[in-house]
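Chain residues, written in single-letter form:
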Amino acid sequence: MKVLLIIVLFLTLVTDSVLSLDEELLDPFGCNETLFDTKTCHRVSYDYYCTISRSTQDWFRELYNEALADGPRTRKEIRTLDDAERQAYIDAVVALKNDKSVWPNKYDAIAMIHTNRTICSVHKGTNFLGWHRVYLLIFEAALRQKNKNVALPYWASVIDNYMDNHPIPNNSVIFTDVFLGNSDGIVRTGPFKYWKDLENCTLQRSPNFNNSMRLMSPNIIDTIQNNLSVHHMKQIVYDENDDWTTLEGQHNHAHDWVGGMMSILDDSPRDPVFFLHHAFIDYTWTKFIRKQQKLFVEEEYESVGQDVKRHYPNRTMDCFYWLRNVDGLDPKLAANVIYEDSPECPDCGHSKYLKCDATFNICIPDDKTETAGTNRVYPLWQLHVCLLCSLFYHLFL
Ligand SMILES: [Cu+2]
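In this text the structure is predicted, and so the values were computed from the model without any measurement. (Residues numbered from 1 in each chain as written. Predicted model: local features only at pLDDT ≥ 70, side-chain atom pairs only at ≥ 80, totals over all residues.)

Run through the overall build of the chain, naming residues and quoting values.
Scanning the chain for helices and strands turns up 13 helices and 6 strands. A total of 397 residues make up the chain; the buried ones form 40% of that total. Residue pairs at least 24 apart in sequence account for 67% of intrachain contacts in the chain once pairs closer than 6 positions are excluded. (Helix = DSSP H or I, 4+ residues; strand = E, 2+ residues; numbered from the N terminus. Buried ≥ 20, exposed ≤ 12 C-beta atoms within 10 Å, placed from the backbone. Contact = placed C-beta atoms within 7 Å.)

Which residues make up the packing of helix H6 (residues 127-146) against helix H10 (residues 273-294), and what values go with them?
The interhelical angle for the contact between H6 and H10, taken along N-to-C directions, is 125 degrees, at an axis separation of 10 Å. Comparing the axis directions of H6 and H10 gives the class oblique. Considering how the two elements wind past one another, H6 and H10 form a crossing that is left-handed. Residues Leu 129, His 132, Arg 133, Leu 136 and Phe 139 of H6 form the contact with H10, whose participating residues are Phe 275, His 278, Ala 279, Ile 281, Asp 282 and Trp 285. (Axes fitted to C-alpha atoms, helices over the stretch in contact; angles between N-to-C directions. Parallel < 35°, antiparallel > 145°, perpendicular 65-115°, else oblique. Left-handed = near helix turned anticlockwise from the far one by under 90°.)

Mind laying out the packing of helix H9 (residues 247-258) against H10, listing which residues take part and the relevant values?
Interaxial distance between H9 and H10 falls to 11 Å at its minimum, and their mutual angle equals 155 degrees. One way to sum up the angle between H9 and H10 is to call them roughly antiparallel. At the point where H9 passes H10, the crossing takes the right-handed sense. Mapping the contact onto sequence places Leu 247, His 251, Ala 254 and Val 258 in H9 and Val 273, His 277, Ile 281, Thr 284 and Trp 285 in H10. Residue composition of the contact of H9 with H10, grouped by class: 6 nonpolar, 3 polar and no charged. (Nonpolar A, V, L, I, M, F, W, Y, C, P; charged D, E, K, R; others polar.)

Provide a residue-level description of the pairing of strand E3 (residues 320-324), including the pertinent values.
As paired elements, strand E2 (residues 316-317) and E3 share 2 bridges and run antiparallel to each other. Pairing of Met 317 across the sheet is with Phe 320, part of E3. As consecutive antiparallel partners, E2 and E3 are separated by 2 residues, and within that stretch Cys 319 has a phi angle of approximately 75 degrees, a positive value. (Pairing = 2+ DSSP bridges.)

Please set out the environment of Leu 136 residue by residue, giving values where relevant.
By the secondary structure assignment, Leu 136 is in helix H6. Residues Leu 136 and Phe 275 lie 139 residues apart in sequence; the distance between their C-alpha atoms is 6.8 Å. Residues in contact with Leu 136, not counting those within four places in the same chain, are Leu 152, Phe 275, His 278, Ala 279 and Asp 282.

Give me the nonpolar core: which residues, what numbers.
Ranked by size, the top nonpolar core spans 84 residues in total, and within it Ile 138 and Phe 139 carry the most contacts. Broken down by element, the residue count for this core peaks at 12 residues, all from H6. For Phe 139, the residues in contact, after removing those within four places along its chain, are Ile 110, Leu 152 and Phe 275. (Core = buried A, V, L, I, M, F, W, Y, C linked by C-beta atoms within 7 Å.)

Account for the confidence of the model for the chain, with residues named and values stated.
When pLDDT is averaged across the chain, the result is 84; 83% of the residues are at 70 or more. Averaged pLDDT values over the elements of the chain bottom out at 40 in helix H13 (residues 380-396) and peak at 98 in helix H3 (residues 83-98). Below pLDDT 50 for its whole length, residues 4-29 participates in 12 contacts with residues either more than four positions away or in separate chains. Note that pLDDT drops below 50 for residues 370-397; the model gives that stretch 17 contacts with residues more than four away or on any other chain. (pLDDT = per-residue confidence, 0-100.)

Would you mind going over unusual backbone geometry in detail, with residue names and values included?
For the bond running from Trp 103 to Pro 104, omega is -10 degrees, close enough to zero to count as cis. Inspection of the secondary structure puts Pro 104 in the loop between H3 and helix H4 (106-111). The step from Cys 345 to Pro 346 runs through a cis peptide bond, and the omega angle for that step is 5 degrees. Looking at the element boundaries, Pro 346 is found in the loop between strand E4 (337-339) and strand E5 (354-357). Despite not being glycine, Phe 296 has its phi angle at roughly 55 degrees, a positive value.

I'd like a description of H9, backed by residues and values.
Between the first and last C-alpha of H9 there are 17 Å, a value that for 12 residues agrees with the 16 Å anticipated at 1.5 Å per step. Buried residues dominate H9, accounting for 9 of its 12 residues. Three or more residues of H9 are buried, namely Leu 247, Glu 248, Gly 249, Gln 250, His 251, Ala 254, His 255, Trp 257 and Val 258. Its buried side turned inward, H9 meets H6, helix H7 (218-226), helix H8 (233-236) and H10. One or two positions beyond H9, positive phi appears at Gly 259, with a value near 70 degrees. (Expected span 1.5 Å × (residues − 1).)

Following this line, the structure appears as structure tokens:
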């Protein structure tokens, strides 16, 4: 009898803890924290999951169908758009935020997909690439309902590694009011200033930038695009022991570099920079697939990841009930997007925000502190001199 009581007591405790976890998930969360991270994933069910109403999910399905029916569109690096193209893109994003015909507004309805348990099945594993590809198509289709001529641009953040000054967000032209507004704390300038999310939190980026934050490494881009020994999908998706050699691991760096909402899984799409960053990841993946085709390697969906069951090929995609994980690899999705190549020397995409450094054959981004003449930390010429010194040292000493 005693044993039975103990078992009943134990089961009650276990059920209680599961229930309280689920209730917790539905609570609103603070502006600088998330209730849900991928560490919690193994504690919740593997069933299909989405907190968004079925009618809004049906709207996502309409957008997806439109994206496929629409024909190819060209995605370009945001610094290579001309002024009118950039303004049209920004206006379309703002129009989604102001459109309340879908609750709470079209922008936040899409941002809310990337939240709660959905983040378990779309990160740290194979499904990362395909699910985010669908997500981008849906966001872009919503933009194109506002302006048919708009395509989602991408932010080739690796270029910002080459800023004349320290590669910190404060110095990047991306974080000026011409593009996305300031990078330090509450977004007070630019087209998205003082945006509020569903929890009434104001859009924010990292207030205290930490110098140890790094952008994606140009080496990973080179590995994914050119290293012929890296040609299986499982080599480029998540590896929990190594953040540096996988596309997902490296993509986390840019999230943290921008900081604030971008560094919080649940909150990241509330900052429009999310979609520009993910479009760059998608572009890099496209390059990888092109390399596979050249090498006659079959694109395979191999379930790998921290919560591998959620990455199973036939599992239904969370919030995209009409798709299975493996559908993210369907070539018809990629066929609808043409990526203009990331800016390269000598013309650097004819961007007025980039210039070619002929010595190193790289495009150097405009650096807003250079114009202001402050905080000059590592001018590029000094870097050149250092490289020459070390070359001299190795050759002659
Ligand atoms: Cu994500």
